[in-house]
Amino acid sequence: MTAGTAFQELVADGVTASVDGVSMLPETSLTVRPGENVVITGPNGAGKTTFLRILTGNMLPTAGTITLDGTRVDERDRTIRRVIAPLIGPIAGYRDLTVGDHLILVDQTWGGDRDGAAERIIAVLERLDIYDFRDRYLSQLSSGQRQLVELSIVLLRPSALLVLDEPEQRLDTGRRELLSDVLRERVDAASSVVWVCHDQELAERTATRIERFPQHS
Amino acid sequence: MSVSPQAPTDDHRLAEAYHLRYRGEGTQLRSALFTAYVVGLFGVVYGVLASHYVFQTWPAARHRVQDHPLLCALAAVLLVAVVALLAGRAGRRRGPVVPEPGHLEFVSATDLPRALTLRDAWRSTCVVVAAGLLGLGIAVPGGLVMAGGSGWALVFGLLLALVGAPALLYAWLRGEAAGHAGGSSAAALLDSLPMSLLRTQSLMSDSVSSALVAGDTRRARAQAFNLRLRHTPLRIKALGRWGTTVGADIAGLRRLGWVSLGWLVVQIAAVVLAAIAPVVHSRSPLVLPVVLVLAHLTTSGLTRGLQHHAGTAGEPSILGIPWQAETVLHLAPVVALQFVVALVAAVATGVAVPLALTHAAALALALGAGQLLYVHKGPPPLALMGSGGGRGVGLLWVAHPTMAVALVALAGVLGPSEALLAALLLTSLAWSRTSSQFTPARPR
């Protein structure tokens, strides 16, 4: 739960994505500032996940720009990666590393000090109520447990903006409450969250702003 | 080995089931006959030439066979016995009777005797294995005879193939039917194969084949070998950015236990072989390429981190290091090991130090670059596949990293500097391809 590099604003300006003339994302604009919890809702095929990929610099838009404090967003840029932590689709974890191993690897490669690693990792595991799974391989987790483990990985690395694609999926009611609390804590600590959510009630309870896709519809 | 004849009504129903499934398409047996023809013909023609080349180039091997014919015959029989033993074990994962899934659903799922519905699949394997072993049984002694050896070697080779092929096939089938067998004849073993096992092996075989056609040898290997991880509560150590990444690779390899140890042993053996004085000073242009290709193939068992990294290119990385650093950290320990082993082997066998250094550097660079090309090769480009070459082009694409490594070894025949230059060029090409994999995706 390390703080990342602070930012002023992330601006998506008229971005689109299309393949062979078929639109995957109609023109979309969005600005995110510190302390915001922006939930994106909308029907399937509205381009929500495509937008998240573009927003995090993992995909180039067909048109439009994404800038973070004036700098074009590209996932390969280290500065950008210290601000934006995406969880879009399943994390490509190692089949031969346990949950605890993954967290150590993530913590250390993001520059965590060696002595405090155990404390940070235990804290995030306990916060998400998955401490008991620390010695399991990813293949030994249920889909809901894996969802929480993946969330713990993005929470552990430094970031000032979490970008999540349907993190509530596969979670039971109690764990959705937990997710809601964790995201609120992030926003209270001046971080931001942009996430796609299909649970309208959860979205309304947690968000500071709701964006409905496709825009201009 | 033969399957007992069935009642005519069963044969008639079998023909109808075949018609329903294949509707004039070539059956498994027909394509097996063609494969056997190709394997037999090429095995004999090229095998005799290769064997002749070996016995001609290394007369000591020929003399040893001539001086100790009984011992060599015994060794050949022992080799066939070991292969039959291994076939028995392999049968549990992939037996000799694996019809394609459609055949299982339309033909084997009927109430016809299983020995009948699996007859063609079994005969197909028998034909291919027999052709292969006969080709080998003719090729190896044939080359010896051409190089001046005794003609009895050819007779022995043929006899061994004729006895060894049925023994191997039977052991393989017994392996497949292990735990289900209700008799010892081939027909009884075929009858005892349960549909669940056939379906599992058939689907696995299908997915391995499709992965190979797509040029994805890593997926093919993952499908074919169900690697078991040793469960250990020990975690990797927090060793900073670089140390933890390397430590994770080592931990991953350790958890595969004997499999990793096996890869390490054959890798070291191959690198040693590629660096010892007789190979470095060999006048044959084929020795170093063959040995280096072997080293390249065995390296892939030690680069699990690099393979994972390549497989996730284009996805958001969970690690806090740039892709360049991650690539180097996954590859550098293996390359360093290759360099040190090659250098020590070369110097210990009498290669001059400057030449040993250049040779070891070229070898390690070529093997490192070969791994980069291998892990980032992806499926064959559509432009290539659409060029009419079909499977041949696909095969070339799968093999191109290996061929690139062999080319560096061929450059080594010209001289150590040429080899180093070729290895550097290959490294630059491989790095450029790696770089292209880590660009943000474009909507396609």
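Report follows, based on the coordinates. (Residues numbered from 1 in each chain as written. Chains lettered and ligands numbered in written order. Predicted model: local features only at pLDDT ≥ 70, side-chain atom pairs only at ≥ 80, totals over all residues. Heavy atoms only, no water.)

## Points about the sheet that holds strand S8 (residues 192-196) of chain A
All names here are of chain A.
For step 1, the next point in the chain: Reading across from one edge, S6-S7-S8-S3-S9 is the order of the 5 strands in this open sheet, with parallel pairing throughout. Of all the strands in the sheet, just strand S6 (84-87) and strand S9 (209-212) have a single pairing partner and so form its edges. This sheet shows a mean twist of 15° between the axes of neighbouring strands, independent of strand direction.
For step 2, the next point in the chain: The pairing of S6 with strand S7 (residues 161-165) spans 4 bridges and is classified as parallel. Bridge assignment links Ala85 to a residue of S7, and that residue is Leu162.
For step 3, the next point in the chain: This element, helix H1 (residues 48-55), spans strand S3 (37-41), S6, S7 and S8 of the sheet and lies at about 150° to S7.
For step 4, the next point in the chain: Sitting on the sheet, helix H6 (residues 173-188) touches S3, S7 and S8, and the angle it makes with S8 is about 145°. (Pairing = 2+ DSSP bridges. Helix = DSSP H or I, 4+ residues; strand = E, 2+ residues; numbered from the N terminus. Axes fitted to C-alpha atoms, helices over the stretch in contact; angles between N-to-C directions. Contact = heavy atoms within 4.5 Å.)

## Concerning helix H4 (residues 69-90) of chain B
Residue and element names in this part refer to chain B.
For step 1, the next point in the chain: Taking 1.5 Å per residue as the helical rise, H4 with its 22 residues ought to reach 32 Å, and the 31 Å between its terminal C-alpha atoms agrees with that figure.
For step 2, the next point in the chain: Three or more residues of H4 are buried, namely Ala73, Ala84, Ala87 and Gly88. In a view along the axis of H4, the buried residues occupy a sector of 105°, so they form one face of it. Along H4, exposed side chains directed more than 90 degrees from the buried face belong to Leu71, Leu78, Leu79, Leu85, Leu86 and Arg89.
For step 3, the next point in the chain: On its buried face, H4 is in contact with helix H8 (152-176). (Expected span 1.5 Å × (residues − 1). Buried < 20%, exposed > 50% of the residue type's maximum accessible area, 1.4 Å probe, protein only. Arc of directions from axis to C-beta.)

## Some points on the environment of Leu173 of chain B
All names here are of chain B.
For step 1, the next point in the chain: Looking at where Leu173 falls in the secondary structure, it is placed in helix H8.
For step 2, the next point in the chain: With relative accessibility at 0%, the residue Leu173 sits in the buried group.
For step 3, the next point in the chain: A C-alpha to C-alpha distance of 9.0 Å links Leu173 and Arg92, two positions 81 residues apart in sequence.
For step 4, the next point in the chain: Those residues in contact with Leu173 that sit more than four places away from it in its chain are Pro96, Val97, Trp122, Ala186, Leu189 and Leu190.

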